[in-house]
Amino acid sequence: MANVNPSDLADTIGHYAVGGKAHVDRAVQAARAALPAWSTGGIQARADALDRIGSEILARKEELGALLAREEGKTRPEAVGEVARAGNIFKFFAGEALRTAGELLPSVRPGIGVEITREPIGVVGLISPWNFPIAIPAWKIAPALAYGNCVVFKPADLVPGSAWALAEIISRAGLPAGVFNLVMGAGREVGQALVDHPGIDAVSFTGSVGVGRQVAAACVARGAKVQLEMGGKNPQVVLDDADLAVAVELCAQSAFYSTGQRCTASSRLIVTEGIYGRFVDALAERTRRIKVGHALAAGVDMGPVVSAAQLEQDQRYIEIGQREGARLVAGGARVNCETEGYYLAPTLFADSTPSMKINREEIFGPVASVVRVKDYDEALAVVNDTEFGLSAGIATTSLKYATHFKRHAQAGMVMVNLPTAGVDYHVPFGGRKGSSYGSREQGRYAAEFYTTVKTAYTLA
Ligand SMILES: NC(=O)C1=CN([C@@H]2O[C@H](COP(=O)(O)OP(=O)(O)OC[C@H]3O[C@@H](n4cnc5c(N)ncnc54)[C@H](OP(=O)(O)O)[C@@H]3O)[C@@H](O)[C@H]2O)C=CC1
Ligand SMILES: O=C(O)CCC(=O)C(=O)O
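What counts, and where the lines are drawn
- Residues numbered from 1 in each chain as written.
- Chains lettered and ligands numbered in written order.
- Predicted model: local features only at pLDDT ≥ 70, side-chain atom pairs only at ≥ 80, totals over all residues.
- Heavy atoms only, no water.
- Near = heavy atom within 4 Å.
- Polar contact = N/O pair within 3.5 Å; in protein donor to acceptor, adjacent residues only side chain to side chain.
- Areas by Shrake-Rupley, 256 points an atom, 1.4 Å probe, with all protein chains shown as cover.
- Helix = DSSP H or I, 4+ residues; strand = E, 2+ residues; numbered from the N terminus.
- Nonpolar A, V, L, I, M, F, W, Y, C, P; charged D, E, K, R; others polar.
- Domains from an automatic or database assignment.
- Buried < 20%, exposed > 50% of the residue type's maximum accessible area, 1.4 Å probe, protein only.
- Pairing = 2+ DSSP bridges.
- Right-handed = clockwise from strand over helix to strand, strands pointing away.
- Contact = heavy atoms within 4.5 Å.
- Axes fitted to C-alpha atoms, helices over the stretch in contact; angles between N-to-C directions.
- UniProt positions renumbered as here; feature names shortened; annotations may be inferred.
- Phe/Tyr/Trp six-rings, centres within 6.5 Å; stacked < 30°, edge-to-face > 60°.
- Lys, Arg positive; Asp, Glu negative; His and termini not counted.
- Salt bridge = Lys/Arg side-chain N within 4 Å of Asp/Glu carboxyl O.
- Expected span 1.5 Å × (residues − 1).
- Buried area = accessible area lost by both parts, 1.4 Å probe.

With respect to the site of ligand 1
Ligand 1 sits among 28 residues. The nearest are Ser128, Trp130, Asp157, Ser208 and Met230. At 2.8 Å, a side-chain N or O of Lys154 approaches an oxygen atom of ligand 1. Contacts to ligand 1 include Gly187, whose backbone N or O atom sits 2.9 Å from an oxygen atom. Protein chains bury 85% of the 860 Å² of accessible surface belonging to ligand 1 in isolation. Residue assignment for the shell around ligand 1 shows that the elements contributing at least two residues are helix H7 (187–196), strand E8 (202–206), helix H8 (209–221) and helix H11 (308–324). It is H7 that contributes the most residues to the shell around ligand 1, four residues altogether. Classifying every residue of the shell around ligand 1 by side-chain character gives eleven nonpolar, 13 polar and four charged. Each of domain 1 (2–230 + 435–459) and domain 2 (234–416) gives at least three residues to the shell around ligand 1.

So, the pairing of strand E11 (residues 266–272)
Burial runs high along E11: seven of the seven residues are buried. Of the pairings in the sheet, the one linking strand E10 (residues 234–238) to E11 comprises five bridges and is parallel in character. Counterpart to Gln236 in the pairing with E11 is Leu269. Note that the unit made of E10, helix H9 (residues 244–256) and E11 has a crossover that is right-handed. Pairing of E11 with strand E14 (residues 367–373), which is carried by five bridges, proceeds in the parallel orientation. Looking at E14, one finds that Thr272 is bridged to Val373.

Details of the side chain of Glu441
Looking at the secondary structure, you find Glu441 in the loop between strand E17 (436–437) and helix H14 (447–450). Within the structure, the side chain of Glu441 is placed 3.4 Å from the side chain of Trp139, a separation counted as a polar contact. Residues in contact with Glu441, not counting those within four places in the same chain, are Trp139, Lys140, Ser204, Thr206, Gln227, Glu229, Val427, Pro428 and Phe429.

Focus: the sheet that holds strand E13 (residues 347–352)
Taken together, seven strands build an open sheet; the order of strands is E12-E13-E14-E11-E10-E15-E16 and the sheet is mixed. Every interior strand has two partners, whereas the edge strands, strand E12 (327–330) and strand E16 (413–416), have only one. Taken over all neighbouring pairs, the strand axes of this sheet differ in orientation by 20 degrees on average, direction set aside. Two elements, E12 and E13, share three bridges in a ladder whose sense is antiparallel. Considered in E13, the bridge of Ala330 is made with Leu348. Across the sheet, H9 lies against E10, E11, E13, E14 and strand E15 (391–395), angled at about 170 degrees from E10, the strand it touches most. Strands in contact with H11 are E12, E13 and E14; relative to E13, the strand with the most contacts, it is inclined by about 25 degrees.

Regarding the environment of Val237
Take Val237: it is sitting in strand E10. Expressed as a C-alpha distance, the spacing of Val237 and Arg268, which sit 31 residues apart in the sequence, is 8.3 Å.

Structural notes on the site of ligand 2
In the vicinity of ligand 2, the residues found are Arg85, Asn131, Phe132, Ile136, Trp139, Arg262, Cys263, Thr264, Ala421, Gly422, Val423 and Phe429. Between ligand 2 and Thr264, the relevant distance is 2.5 Å, taken from an oxygen atom to a side-chain nitrogen or oxygen of the residue. Here an oxygen atom of ligand 2 sits 2.8 Å away from a polar atom, N or O, in the main chain of Gly422. A total of 300 Å² of accessible area belongs to ligand 2 in isolation, and the protein chains cover 99% of it. Of the residues that make up the shell around ligand 2, three or more belong to each of domain 1 (2–230 + 435–459) and domain 2 (234–416).

Re the UniProt feature "active site" (unreviewed entry) in the chain
Listed under "active site" (unreviewed entry) in the UniProt record, and renumbered for this structure, are Glu229. Residue placement: Glu229 occurs in strand E9 (residues 225–229). The class of Glu229 is buried, set by a relative accessible area of 3%. With residues near it in sequence (within four places) discarded, Glu229 still touches Phe205, Thr206, Gly207, Leu390, Phe429, Gly430, Gly431, Ser435, Ser436 and Glu441.

Observations regarding the packing of aromatic side chains
The geometry of an aromatic ring pair comes down to the distance between the two centres and the angle between the two planes. Taken as a whole, this structure holds seven aromatic pairs when the rule is applied. Measuring from ring centre to ring centre gives 5.4 Å for Trp130 and Phe364, while their planes differ by 80 degrees; the resulting arrangement is edge-to-face. Taken as a pair, Trp130 in the loop between strand E5 (123–127) and helix H5 (135–146) and Phe364 in the loop between E13 and E14 lie far apart in primary sequence, 234 residues in all. For the pair Trp130 and Phe364, one class covers both residues: buried. Judged by centre distance (6.4 Å) and plane angle (40 degrees), the ring pair of Phe153 and Phe180 falls under tilted. Here Phe153 is found in strand E6 (residues 150–154), whereas its partner Phe180 is found in strand E7 (residues 180–182), with 27 residues between them in sequence. The class of Phe180 is buried, set by a relative accessible area of 13%.

Quick look at the side chain of Asp314
Along the chain, Asp314 falls in helix H11. No salt bridge is formed by the buried Asp314, whose closest oppositely charged neighbour, Arg316, lies at an N-O distance of 8.2 Å. Every residue in contact with Asp314, bar those within four places of it in the chain, is listed here: Val305, Leu344, Ile363, Phe364, Gly365 and Pro366.

Some details on helix H6 (residues 160–171)
Look at H6: 16 Å from first C-alpha to last across twelve residues, which is about the 16 Å you get at 1.5 Å a residue. With nine of twelve residues buried, H6 lies mostly within the body of the structure. Buried residues of H6: Pro160, Gly161, Ser162, Ala163, Ala165, Leu166, Ala167, Ile169 and Ile170, and no others.

Notes on the domain arrangement of the chain
Segmenting the chain into domains produces domain 1 (2–230 + 435–459) and domain 2 (234–416). On a C-alpha basis, the centres of domain 1 and domain 2 stand 31 Å from each other. In this assembly, 25 residues from domain 1 lie in contact with 28 residues from domain 2. Across the domain 1 to domain 2 interface the summed buried area is about 2,100 Å²; carbon plus sulfur atoms make up 58%. Of all residues in domain 1, Ser7, Trp130 and Ser435 bury the most surface against domain 2, accounting for 25% of the area lost on that side. The interface formed by domain 1 and domain 2 holds zero salt bridges in total.

So this is what it looks like as structure tokens:
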């Protein structure tokens, strides 16, 4: 399968293997064979392997970042930052491997002791999307290994280069054969085979809502544990009392950087009427200053859209927004660059309403729309009027509104005077409603998914 650079369609990065169901069977067999020793083996070996993986990723972050930018299209600084995040995630879970704690409780019956411990779940299937080609695999693989599970990893078709590079680093980290397995290939074949495989005890999936729901249904039907991270339609509120410059900058960042291809991107900008006109003018001007270009070129703020299909989806939503009567104030069209690629201008709509399709469905591109509201109460109602609930932000100088928003925004992550996208690597990540299903990823909360709890009673 050819891996083509979205910044330059004449540049083929490489040809990668395409596996099938038989490869999934072999990988699951290898993982099951390795599980008894790995799941009961020493935690020092796990910590050492994860630390080595993290160190190599960090040492090679420039090179791996260039590869990532070339195949996914985010800018070089964004890609190098993502690689560093992946390295730090492995380092974090190297430490966590040593900290898997239990609890000792007295029994309600005298003379009995109660121990609560965590054990690995077994062999886990990890399915990742294209938009974070190394960080999302890292935040699934690292905790899976830290807590003693074996892994079969299926990366997204569009970004095989980063997956291959990561697997190659992991293969040299001293893990016993079979503990970590990579199977590349189409989601509907390799991904589906993984989800349906009776030898897979749990599946962690990040991607679209449609595929996520199928994955969950298949796992629940056969009693496998499942965790889903899916879409967002993340709101960013701007109140009259906000610092205008701060509000404009954080909206530009979270709507358009990484080409808007983040599940945490803000696509609904909900603005109170006292600041509305000034905000729209300033953000439109800021949006027009975003430099679109080749992901590896210096000085570029926003790279291309990842693929022809995603570009087509973004353009379709831009047409829908115009048909629905939203006012286009920046962008809206493709951009010509020196090389032929999937370049699209960052696109801003004003005067949109909460019921418009562009405010209800995830576009997953550099397209955001502004909604005018009367006051904070109406803003909060619009924030929560969505099937999603991943990330929500507010720009305000009021402690009262910031505090109320943190408590009442129906989202897994809330940001005050910060972009809705761009999160830390050591704290929980995930959402509510249609955005997520199952327990949280990242930080020590990842133990909830990658372990199962045992309660043991002992007569003293
Ligand atoms: N929340 C998020 O972080 C993300 C959301 N999205 C949303 O999803 C849309 C489409 O992106 P896309 O990458 O195609 O998302 P998908 O949900 O199609 O893909 C995510 C992962 O699932 C795999 N997959 C596809 N079909 C199946 C299946 N039947 N069973 C098991 N695994 C499967 C894919 O493999 P393969 O790549 O081989 O198809 C990929 O590895 C975007 O436009 C965006 O709206 C996308 C990426 C991330
Ligand atoms: O915003 C971030 O830092 C993470 C976003 C993410 O995980 C995603 O888009 O899938």
